[in-house]
Each structure stands twice: as C-alpha cells, then as structure tokens.
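# Commentary on secondary and tertiary structure
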Amino acid sequence: MTLAAIGQSGDGGLYAELLQNRAFQQVTPNTTAALNAWHPLGDAQLTVIADPKPVSNALPNSLQLIVPSGSTGSVGFTNEGFWGIKVDSSWTYKASFYYRFPASSSFSGPLTVGLRTNAGTVLAQATAQIRGTTSWQQITLDLKPTSSAPDINNSFFISVDGPKAAGQTIHFAMLSLFPPTFKNRPNGLRIDIAETLAEMGPAFFRFPGGNNLGQTPATRWQWNATVGSLLDRPGRVGDWGYVNTDGLGLLEFLQFFEDVGMEPIMAVWSGEYIFRRYALGDTSEPESALAPFIQQAKDQINFVIGDPAKSAPAALRASLGHPEPFNLRFVEVGNEDFIGSAPSTYPYRWRDFFGNLSAEFPNLRFIATSDVGSPVLSPAPPSYDVHVYQTPSWFYQNAFYYDSFERDGTTYFEGEYAAISTNSGDIFGTPADGRLSWPTVQSKQLPTSSSGEAAFMTGLERNSDIVFAASYAPLLQHVNSTQWTPDLISFDAGSVIKSTSFYLFATNRGDQYLPSTLPTNGGTLHWSVTRSSSSGETFIKVANAGNASASITFDMSQFSTVASSGTLQLLTGLETASNTPEAPQTILPETSTISTGKSFTYNASAFSVSVITTTTH
C-alpha cells in the first residue's frame, strides 16, 4: 500500500491526534487563518502570536488567550478537531498542553479541560491548577467521558473562571488530545483506520508518500525533522496544501510496519521540485548541488538499518528505544520522474543517488521512478516504480501489460494504480466530466472500473516473476478534505468507509503462481490461480467484465488431492454502485460454499469479481 499524504490521510487520519492545528505550525501569526479550528469560548479574545519566549525553537507560535476585565462565566477556547471529534465513553483520552503567563502574575486557580458537544453539553472534564509563572509548564490530564456522543459534532475545550481570571493573559502551546491508539503506542495511530489497513494483510507500505516528498529543498520531507520530541518537529506545508505536523514521523511509520508485519518501501528526495513542475515550471537541483541531499538520504537509511556503534542516525534510533535495525530492503529514488522536464535531469540524479547509496548499502534494492527505459538510465535500475491512472476500460484492455516485458533481471513495482475516470480524454478532470468520486463496481471489480482493475490485477499475479508489489492509490481520504478521487478507504472523524476496491484481492493471495490456460487478450473473462505452499490453500480469482455471465472450467488434476468443496467470495452489483459515507455497505462480498474438485466449472456473474478458495495437495 502507498500513503500519499493526501486528503488528511496522515494528520486527521491515520495519525490519532484529535486536535487540528495543535501547535500553530507553519502559520502566519496575527491572522485569522492562523486560528484554523480554534474558536473563542465566552468572552475570550484569541490570537496566534509569534511568542517572544517560544516553547521551542521548532514551534515559535503560541495561542494567546486574553480574559477581558468584567468577564463572566467560563472563558477559554475550543478546538473542532478534524471536522468533529468522536466521543466514546469506553475510552480514556489523553490531553496535554503547555502554558505560561507573558508577565509574572499572582494568579492561581483552576483550569478546566474537557470534551463537549457543539451545543454545549459537557461530556468529559478534568481540572488542573495553574499559576502565574512566565516559564512554560506542561499539564497532562486524563478525560473519561460520562456518556458517548450520538455523533461527531463535538469539540475539545479549555476554560478558566471568567470573573476570577479577568484581566489575565495566558499563552498556550503544543496542545494535544489522543484517544486510545493502535497497539497502545504513545503518539500512535487511530485504531479503526490502522485495523482496516491491517485487515488487508498488507505485505508492504510505501512511504513517506509519493508527492509528499516535497516541492522544494526548503519544504521537502526531512526525516530528521520528524523524529524525537514533538517539540522539536516544526512541521511543513505538504504538497497538497495543508500543514503536516510530522507527528507521524519516520519512527512512528516504522513501528507501525513492525506492528502489522509489513515491510517498508522507503522513498528519498532526489532533487526534483515535485509539483512545482505543474505550477511554477520544472526545476531540479543541479548535479553540483546534490551532495548534501545524498548525505541526508544516507542518514535516513542509517536511521532505519544502521549500526548504532558506527552511525549517529542509528545511535539516535537506539536512543529512541529501538537499538535493533528495522527491516528495509527497498529504497525509491524520487517520485514520478516521468513528468514534465524531470526525465531530462533524472539520469544524473539517478546516477549520483544510486551510485552513492548502493555503494554504502549494497544489500538494498533501489527503485527508479522514471518511465521504464525512457530516459535510458545508467547504471541500469534494478527496479522501476510504475504509476497508472486511467479509465476502467484501459485496465481491462491492458490486463496483459507486463506479459511482453523482458525477463532481464529488472523487477517492477506497480506503485500507484486506479481507475479514476470514464473519460479517456480528460482523465484528471472533474466529476462532471467523468471523474469518479468513489470506486464503483464498474471500476474495480465489475466491468470497466472494478472488473477492469481486477482483470489488470490478474495480469499482475500472472507476471509475479517480475512484478513484486502493487498498490491502489490513493490509500486514504478524509471526506471533508478531499484533493483526489477516488480513494481506497474513506473516513470521517468517527467512521471508516471501505470502497468496493478494498475487498478480495489483498487478503487472498498465495506464494506460488499456478500456470493455466491464458485468458483471451481483450476478452471479458480473466482469471489467475495462486497457492499457499505452506497450507495448500489455492486461490482462484475470476473477473468478469462483461454484461453477461460466463463459464470457465478449472482442471486441477496436477494435484493428487483436491478438496471437494471450497469457499466462494463474490463481489457483484450494479456497475455504477459505490460504497459512500451515506451508504457505506452498498457493495459487500458475499460468502458461500462451492463444489470444487480436480475438475469443476464455475459460472461467473456479469460484472463480478469472484475468489474461490479450495485446498490442494
């Protein structure tokens, strides 16, 4: 799978932090925009300021709360979360923040922290005593809701007693609220999204996410700015227009991979100004300027796999609680270097990055991101990352895409693929012009979209001798912050929606491909057969992209025994059907028992994807 850091897939998504704009990173002080997601409570006056005594060098801004003279009631502020906050009475929430007074004050009194509905009903609260110190003090509190909220229209709040605190000014920084996290990790991941990803049984995870590598040297993703204390992570404006806190940093990614049993495919920035190629013209770093970026890539890799006794980045990893190296076999050099003028500079960037990195890390496999064979790269890439966004019919018609590739030792990673539009003349257009808002039965498993993608995937399995991994993209999107459609998994503050493209293929795969009679290139019926060498489970995948049912006979006589029955998982429905926030379970796989044996015939429904699981020995 691939995390593209689009659609709030990290902050507001996989990363469990519930407060949006928690540390006022990368905002302009004294502007309304800097207060994004924060709102005054009672008589409060709120301003984001460049704090003359910041909580850290990386976090120069703070939230200034002024309690006016004559204030009444509770005075403070709320945070709306990422378009809402789920409040569950079975959870204990961890709240924390820093505060200080800009001038010494004799004030001492209670500060209330809690969760409330947007209508004002308090669902959880706790109090802490604060005093008028000018030094930053951290407060940590547990919040235990007395009842669950019926919806996500809730907010976090901090308040003081207006009359008692009247005339006071208080600064706040690095405010945070965490629910329980996946595997109970501190600074961890949102349980339902992490479990949904784990449910797919993923073998790999490409990160830190395609275009999110960065637009310029100044705004690129830098591993060393994403590790250690949250106070030392400045964040950055990501390539999709919103601020990344980098709370989900390199170490958090690696821990997630270990927890789920995935291996990383890690990308390094290679000197191309990603996205500037669209808006501001194509730009790449000259070859003479690459040395510091190559060194940073070496350090990034050493943080992951280096020896703490020999490498400072590896020693940093050990100091953060992981002295043993993480698993790493694949490193990708850049991203989508087939766009614009990137191909004209990628030969020297590939040569310099690959040459230097492979010399220091000879056991890693490096992946090029230009078009295969264009431009010609030297040294020849061990692997390529291939991306394709197309119409459903393109996928259907290109199910034999890799069959003609030379078997010369080069391997391929289908790093991003999806049927995103029905309009081949304007693939990246709007929904009014054919762009899909959600994966449809047509797109993934039914005719052109669903069955088109499924037919394409049977081709990937058939060519698994050279195609070592594949991932639908984008992986995640927040329904309230969408920069790209369709996506594999959608979510809001309280729920997860699995698209039709989520099901069947990822969780039904073997480690052996069983050759069979080839489907007809251009036909409506496609299939592939794989087997688990350890269990004998055999997976027969059938994609019918046609508007009529079709029969296929499977001859399994090469095995001495074949189970007389198996399991059928069937995904079918109207060709334009989708799973949406309003109807998240419109299309679900149906499971039944099916007769199998050394020879059996299966009738595949129109516009369907089927997985037959039986046992062979």
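Here the structure is a predicted model, which means the values were calculated and not measured.

## Looking at the pairing of strand E6 (residues 108-117)
On a regular strand, one side chain projects to one face of the sheet and the next to the other, so that they alternate. Of all 10 residues that make up E6, eight are buried, and the element is covered over most of its length. The pairing of E6 with strand E7 (residues 122-131) spans nine bridges and is antiparallel. In the strand pairing of E7, Leu 115 is matched with Ala 124. Counted between consecutive antiparallel strands, the loop separating E6 from E7 contains four residues, among which Gly 120 sits at a positive phi close to 105 degrees.

## Quick notes on empty space enclosed by the protein
Here the structure, examined in full by the defined rule, presents four cavities of 30 Å³ or more. A volume near 160 Å³ is recorded for the largest cavity. Partitioned by chemical class, the residues of the lining of the largest cavity number seven nonpolar, five polar and two charged.

## Quick notes on the layout of surface pockets
Within this model, the largest pocket holds a volume of roughly 890 Å³. Considering the residues around the largest pocket, the lining is formed by 33 residues, among which Phe 204, Phe 468, Ala 469, Ala 470 and Arg 509 are closest to the centre. For the lining of the largest pocket, the elements supplying multiple residues, two or more each, are strand E14 (263-268), helix H9 (447-462), strand E19 (467-472) and strand E23 (512-513). The element best represented in the lining of the largest pocket is E19, accounting for six residues. The class makeup of the residues in the lining of the largest pocket is 21 nonpolar, six polar and six charged. Lining the lining of the largest pocket are residues from two domains, each supplying at least three of them: domain 1 (1-11 + 183-380) and domain 3 (512-615).

## Some remarks on the domain arrangement of the protein
Many descriptions give the size of an interface as the accessible area lost when the pieces come together. As assigned here, the protein comprises domain 1 (1-11 + 183-380), domain 2 (32-178) and domain 3 (512-615). A straight line from the C-alpha centre of domain 1 to that of domain 2 covers 35 Å. Facing nine residues of domain 1, the contacting portion of domain 2 comprises nine residues. Between domain 1 and domain 2 lies a buried interface of about 730 Å² when both sides are counted; carbon and sulfur atoms form 74% of it. If you sort the residues of domain 1 by the area they bury against domain 2, Gln 8, Leu 230 and Leu 231 come out on top, with a joint share of 58%. For the pair domain 1 and domain 2, the number of links is one residue pair in polar contact (both at pLDDT 80 or more). In terms of residue class, the side of domain 1 that touches domain 2 is built from three nonpolar, three polar and three charged.

## A look at the packing of helix H3 (residues 250-260) against helix H5 (residues 291-305)
In a packed pair of helices, the relevant descriptors are the angle between the two axes and the axis-to-axis distance. Two elements in contact, H3 and H5, have axes separated by 11 Å at closest approach and are oriented at 40 degrees. The pairing of H3 with H5 is recorded here as oblique in orientation. Both H3 and H5 take part in a crossing whose hand is right-handed. Each of Leu 250, Leu 251 and Leu 254 in H3 lies in contact with H5, whose residues at this interface are Gln 300, Phe 303 and Val 304.

## Things to note about the pattern of salt bridges
This model, assessed by the stated rule, comprises 20 salt bridges. Of the charged contacts in the structure, one is a salt bridge between Arg 206 and Asp 385, with a shortest N-O distance of 3.5 Å. You can see Arg 206 sitting in strand E11 (residues 204-207) and its partner Asp 385 sitting in strand E17 (residues 383-390), a full 179 residues away along the chain. In this structure Asp 385 comes out as buried when scored by relative accessible area, which is 3%. A salt bridge links Arg 329 to Glu 263, with the nearest nitrogen and oxygen atoms 2.6 Å apart. Linking Arg 329 in the loop between helix H6 (312-319) and strand E15 (330-333) with Glu 263 in strand E14, this pair joins segments that are 66 residues apart in sequence.

The rules behind each value
- Sequence positions are assigned chain by chain, starting from 1 and proceeding in written order.
- Local features in this predicted model are restricted to residues whose pLDDT is 70 or higher, and side-chain atom pairs enter the listing and the counts only when it is 80 or higher, whereas totals over whole chains, interfaces and linings include all residues.
- Based on all heavy atoms of the structure, the side-chain values leave hydrogens and waters out of the count.
- Classification of residues uses two cut-offs on accessible area relative to the type maximum, computed with a 1.4 Å probe and protein chains only: under 20% is buried, over 50% is exposed, and between them is partly exposed.
- Under the DSSP-based scheme used, a helix requires at least four consecutive residues in state H or I and a strand at least two consecutive residues in state E, with every element numbered from the N terminus.
- Two strands pair under a simple rule: DSSP has to find at least two bridges between them.
- Cavities and pockets are found on a 1 Å grid laid over the protein atoms alone: a cavity is a set of points where a 1.4 Å probe fits but cannot escape, a pocket is an open set with protein on both sides within 12 Å along at least five of seven lines, and a lining residue has an atom within 4 Å of such a point.
- Grid points are joined across faces, edges and corners, and a volume is the space filled by probe spheres set on the points.
- Residues are grouped as follows: nonpolar covers Ala, Val, Leu, Ile, Met, Phe, Trp, Tyr, Cys and Pro; charged covers Asp, Glu, Lys and Arg; every other residue, Gly included, is treated as polar.
- The domain limits used here are those given by an automatic or database domain assignment.
- Contacts are assigned to residue pairs that have any heavy atoms within 4.5 Å of one another.
- By buried area we mean the combined loss of accessible area, with a 1.4 Å probe, across both parts when two parts are placed together.
- Under the rule applied, a polar contact is a pair of N or O atoms within 3.5 Å (in protein, one hydrogen donor and one hydrogen acceptor; residues adjacent in sequence only if both atoms are side-chain atoms).
- Structural elements are reduced to axes, namely lines fitted to C-alpha atoms, with helices fitted over the stretch in contact, and the angle between N-to-C directions of any two is expressed from 0 to 180 degrees.
- In what follows, roughly perpendicular refers to angles from 65 to 115 degrees, roughly parallel to angles under 35, roughly antiparallel to angles over 145, and oblique to any angle outside these ranges.
- Handedness of a helix crossing follows the sense of rotation of the near helix relative to the far helix, less than a right angle counterclockwise being left-handed and clockwise being right-handed.
- For this analysis, a salt bridge means a side-chain nitrogen from Lys or Arg found within 4 Å of a carboxyl oxygen belonging to Asp or Glu.

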